[in-house]
Amino acid sequence: MSAPHSPLDVDRVRKDFPILERRLAGDHPLVYLDSANTSQKPTAVLDTLAEHYTRHNANVARAVHQLGEESTAAYEGARDKLAALIKAPSRDEIIFTKNASEALNLVAHTLASGLADDPHYRLGPGDEIVVTQMEHHSNIVPWQLAAKRTGAAFRWFGLTDDGRLDLSTIGELINERTKIVSLVHQSNSLGTVNDVATVVARAREVGALVLLDGSQSVPHQPIDVTALGVDLLAFTGHKMVGPTGIGVLWGRREVLDALPPFLGGGEMIETVDMTGSTFAPIPHKFEAGTPPIAQAIGLGAAVDYLTGVGLDRIHEHELGLTAYALDKLNAVDGVRIIGPNSMESRGGTVSFVVDGVHPHDVGQLLDEQGVAVRVGHHCARPVCVRYGIPATTRASFYLYTTFDEIDALADGLHQVKRFFG
Amino acid sequence: MSAPHSPLDVDRVRKDFPILERRLAGDHPLVYLDSANTSQKPTAVLDTLAEHYTRHNANVARAVHQLGEESTAAYEGARDKLAALIKAPSRDEIIFTKNASEALNLVAHTLASGLADDPHYRLGPGDEIVVTQMEHHSNIVPWQLAAKRTGAAFRWFGLTDDGRLDLSTIGELINERTKIVSLVHQSNSLGTVNDVATVVARAREVGALVLLDGSQSVPHQPIDVTALGVDLLAFTGHKMVGPTGIGVLWGRREVLDALPPFLGGGEMIETVDMTGSTFAPIPHKFEAGTPPIAQAIGLGAAVDYLTGVGLDRIHEHELGLTAYALDKLNAVDGVRIIGPNSMESRGGTVSFVVDGVHPHDVGQLLDEQGVAVRVGHHCARPVCVRYGIPATTRASFYLYTTFDEIDALADGLHQVKRFFG
Amino acid sequence: MSDSLYQEIILDHYKHPHGRGLREPFGGEAHHVNPTCGDEITVRVAIDGSTITDVSYDGQGCSISQASASVLHELLTGTTVEDAFAVEKTFTELMQGRGQVEPDEDVLGDGIAFAGVAKYPARVKCALLSWMAFKDATARALTGAGQTSEEETR
Amino acid sequence: MSDSLYQEIILDHYKHPHGRGLREPFGGEAHHVNPTCGDEITVRVAIDGSTITDVSYDGQGCSISQASASVLHELLTGTTVEDAFAVEKTFTELMQGRGQVEPDEDVLGDGIAFAGVAKYPARVKCALLSWMAFKDATARALTGAGQTSEEETR
Ligand SMILES: Cc1ncc(COP(=O)(O)O)c(C=O)c1O
Ligand SMILES: Cc1ncc(COP(=O)(O)O)c(C=O)c1O
């Protein structure tokens, strides 16, 4: 197998990521194959953070002084960038959260709070919530808690043997009682890219909301929320070369307007009186307290970086890597892919098990060779339960990943097998 | 008035804060008197952030690889530092949130959720919530929403003419029906430092929980949660020379154990099954999703910095500044202090109005001279309502504030008066 | 302070406001509040045929919001409703232009002094407060929707 | 791989476990699961007077958790309950010492091979799984609290 051509100049890309020069124990170069867990950060993002803190740092939306104006302009400018990235119809539809989990919880909590004026946005007994068996825990637990609080039923799509959503029962599963369907765009454990259009079409028929978890898709491909047709989209900054501590909830204005407030506090208000308060319009309604200012600005720089490289080209590069990785892994005796074992509708995240070697041991031995992968259930335990395995080893790729690094993974696996053989 | 002696070498301290060299429009040097809004950041914190991202960046608690171990060790090490800072009995009692507002909301939401096993931790009709009229909106709105959701009554302490809590009705206000008293330690608009001991003593008598909002006290003085006797304490990183995007909730283990989970998601779980989930012990139970990793580590560096300088000395320095500022401001004709006009139980935040000049105009004209203050209701509108004013101008100090800067403020006010005279 | 927000013109209007005080008769009234700073204004509009015969106002707030009401009175009293809305639109565009819009003195008269305000997002609301109340009051006068409207201007 | 987590001794115990398999009779049993990685172990303890006459176990998991159970069996079978708890305490301290604790070969025997594991917080749980189940099973045997306990080890 020879490495296919990539649309990216990966050597040049790698120069933007200082951590990739890191040497690990035993002077091994870092082979970072854990980007689905968190991505590395380019100098452009780090410089933006430093520049903000050393030149413009101030609180936003509250100051009439120059630093405050500068900081506010940068923060709101980041909102513009995020809106453009996902082609949001309005910048006001971009809500900054601390991570994707908060974004998902925001929707679950506000629907469960019972505070919405419109009953369409209030969960209660008789209502149904639908997720899938391949969700990240952050898209399962909030809904289980919401169901418990409200008496709504919690239901889910199962998975087929080859790692895809079992849509055969969609007509029954999404029905007139369904208030919301919340599903992942690209699975963080299987790599599967879901057929959002089919789910959206059925949800439209019954008037259910659709929340898409884009944590693993927004970083890796061009996204157009209108074309997707969903009502809400959650994603997270640290997986898209941005800082930790920042996430995004996008929602159609009509939906965000209808949801009651979530966290209460400074700046999400219109006016506060001890006898009652009114709330600001979106996006501020959902941004209580001092937001992650520097982190939002850093995420704006990350968006500039990603669009500068080109998300279509990043996507293509990753498809090349994934095809190569599947070939390489399938060629290692005793390695079994968990998830789609073909290039059809899948992204650059590949989970696998190695016969007779526990994933912990696989990961640890790879680490001793400098190859960083993730092992465990990847916060998607029901997937492991579904496939009857305790855990998997997962390699995940990004714009800075090279074909050589996949070779290093394959070589490492041969060594793992020799070691435990 | 000559400037009193300070226990700090402020010139040296200022060298640690690169932004203080910033020149503003008109080549005015920056006179930053808005630290109660957000503080500036020392190089030590910025270097820690950069070092983390360029050498150790990885997700925490999920990886067996070296970067993951390093990142986890740094993140958990920050928890140790925060625990030591407030003398928490256990490091597990430190919960990282995105800001103080989230910390306050966490308590309000979990009490209102009805999911606690122990009825003591479930708000409902007949229960009472007590706050004060000097709370930040972040400690008002969450409780108003909680009251609305649960049917509990929302009550509050009023204020005396000289800017203090009116504790005369404490016996009635905190009674057998009171489930929680949530109050600010130091007011962000008045500068008042509240008599926490009296409130705690009464709350103990009736078995009510006490949540203290330490957003404006933890950055400025040594804090010992056991000595304070409260059950919960919220504070925020960006006001204590730390990054934005990070806050802390401390709670006694027994209380945090009894509260149900708040945000659901990755890593706050023990085990997830589609049919139900169980939750991790504290602190992880309350940390859903990827936490603000770099921000927590940066806050750890901020704690090191503050304790290196000495919080007792910072406190003493600020007391000196405040006494000096009160003298200077009282000497300006037409300036009226809103809040305690003496040094008794007050911190380094001074609000005032200028006869005949709207606070917006005061703030703007000061800004044109390089003096950054905050104007408005400072997210504590009920205080303005109480004193019958639309807004105030607020100057707030920190370890890097000089006596010269207070002179600049007073000079600026003379100019404001001339301009609008 | 030549770069100052506080142009002479603004200060003049603030210290010597034109047409201040609520007058009768009027066809529509609107009361707007800026919740962030507590500024408030009441604007009354009297219309005869298609002509705005009077714009009267009262309120309290910062120099920008008060001077802006004075300029509003001066520019719009005596114009047609159509022209008034055109001026309002131009002024709003100037304010929301983040300092990038070139002010047109022919249309805005003394209003061009507010060009600098556009660079301060926190103050734009102050400058627009009376204009939004005016729009509201005029709409009420035209539709006969009753005399008063209470609103919080964001 | 001399710095490796995987010392020869650990690998030996993993590939050739000592005393594996659940045996009768026993006084107490405990089943522990590590929810993060799915490792699980069942430990049975038989006690005669103050002597632990047998520690038997079965389970599945990574090499660290399995080898640790084998070492556990070897160290504690035949000792007094008191001594066993002392060994357990020493082993736990070593594991939780973040690599700062010097292992004592007299007390821990082959257990000292796990010293390197202490530097990997994510793996410490693996090494301790069987030891926590052992403590639990012994407590049950001593109190006669019934034979089985199910627990998730955090
Ligand atoms: C007293 C007080 N409480 C709470 C807060 C809220 O803090 P944050 O904005 O970081 O959530 C602030 C500051 O804004 C404050 O001064
Ligand atoms: C599919 C998916 N959803 C949600 C999340 C949660 O994101 P975060 O941890 O940033 O909240 C992740 C990543 O951890 C993910 O992969």
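Being a predicted model, the structure only gives us computed values, none of them experimental.

**Student:** Sorry if this is basic, but what is going on with the site of ligand 1 here?
**Tutor:** In the vicinity of ligand 1, 16 residues are found, and the nearest of them are T290 of chain A together with S101, D213, T236 and K239 of chain B. The residues that come close to ligand 1 belong to more than one chain, namely chains A and B. Contact distances for ligand 1 include 2.6 Å between an oxygen atom and a side-chain N or O atom of S101 of chain B. Contact distances for ligand 1 include 3.1 Å between an oxygen atom and a side-chain N or O atom of H136 of chain B. Coverage of ligand 1 by the protein chains reaches 99% of its 390 Å² of free accessible surface. Here the shell around ligand 1 is composed, by residue class, of two nonpolar, 11 polar and three charged.

**Student:** Even after reading the chapter, I still don't get the interface of chain A and chain D, so can you show me in this structure?
**Tutor:** How big an interface is tends to be stated in terms of the accessible area lost upon association of its parts. Residue-level contacts link 17 residues of chain A with 19 residues of chain D. Roughly 1400 Å² is buried in total at the junction of chain A and chain D, and carbon and sulfur atoms are behind 55% of that figure. Interface area lost by chain A to chain D is led by H360, Q364 and F419 of chain A, which between them contribute 37%. Among the secondary structure elements, those contributing two or more residues to the side of chain A that touches chain D are α12 (359-368) and α14 (403-420) of chain A. Take the side of chain A that touches chain D: its biggest share by element is five residues, from α12 of chain A. Residue classes in the side of chain A that touches chain D are distributed as five nonpolar, nine polar and three charged.

**Student:** Is there a simple way to think about the sheet that holds strand β8 (residues 247-251) of chain B in this case?
**Tutor:** By way of backbone hydrogen bonds, the strands of a sheet pair with one another, either parallel or antiparallel. All names here are of chain B. Sheet architecture is open: seven strands sit in the order β2-β8-β7-β6-β5-β3-β4, paired in mixed fashion. Two strands in the sheet have a free side with no partner beyond their single neighbour: β2 (94-97) and β4 (153-157). Going from strand to strand, the sheet's axes swing by 20° on average, the running direction of each strand aside. Where strand β3 (residues 128-132) and β4 come together, five bridges link them in parallel fashion. Bridge pairing links V130 to R155 in β4.

**Student:** How should I be thinking about the domain arrangement of chain A in this particular structure?
**Tutor:** Residues and elements named next belong to chain A. Annotation of chain A at the domain level lists domain 1 (10-32 + 310-420) and domain 2 (46-307). Computed from C-alpha atoms alone, the centre-to-centre distance between domain 1 and domain 2 is 29 Å. Of the roughly 2600 Å² buried between domain 1 and domain 2 on both sides combined, carbon and sulfur atoms contribute 54%. The tally of links from domain 1 across to domain 2 stands at one salt bridge. The interface formed by domain 1 and domain 2 holds 19 residue pairs in polar contact (both at pLDDT 80 or more) in total. At the level of elements, α11 (311-330), β12 (349-354) and α13 (381-387) are the ones that each hand at least two residues to the side of domain 1 that touches domain 2. Looking at side-chain class alone, the side of domain 1 that touches domain 2 contains 15 nonpolar, 11 polar and eight charged residues.

About the criteria used
- Residues numbered from 1 in each chain as written.
- Chains lettered and ligands numbered in written order.
- Predicted model: local features only at pLDDT ≥ 70, side-chain atom pairs only at ≥ 80, totals over all residues.
- Heavy atoms only, no water.
- Near = heavy atom within 4 Å.
- Polar contact = N/O pair within 3.5 Å; in protein donor to acceptor, adjacent residues only side chain to side chain.
- Areas by Shrake-Rupley, 256 points an atom, 1.4 Å probe, with all protein chains shown as cover.
- Nonpolar A, V, L, I, M, F, W, Y, C, P; charged D, E, K, R; others polar.
- Contact = heavy atoms within 4.5 Å.
- Buried area = accessible area lost by both parts, 1.4 Å probe.
- Helix = DSSP H or I, 4+ residues; strand = E, 2+ residues; numbered from the N terminus.
- Pairing = 2+ DSSP bridges.
- Axes fitted to C-alpha atoms, helices over the stretch in contact; angles between N-to-C directions.
- Domains from an automatic or database assignment.
- Salt bridge = Lys/Arg side-chain N within 4 Å of Asp/Glu carboxyl O.

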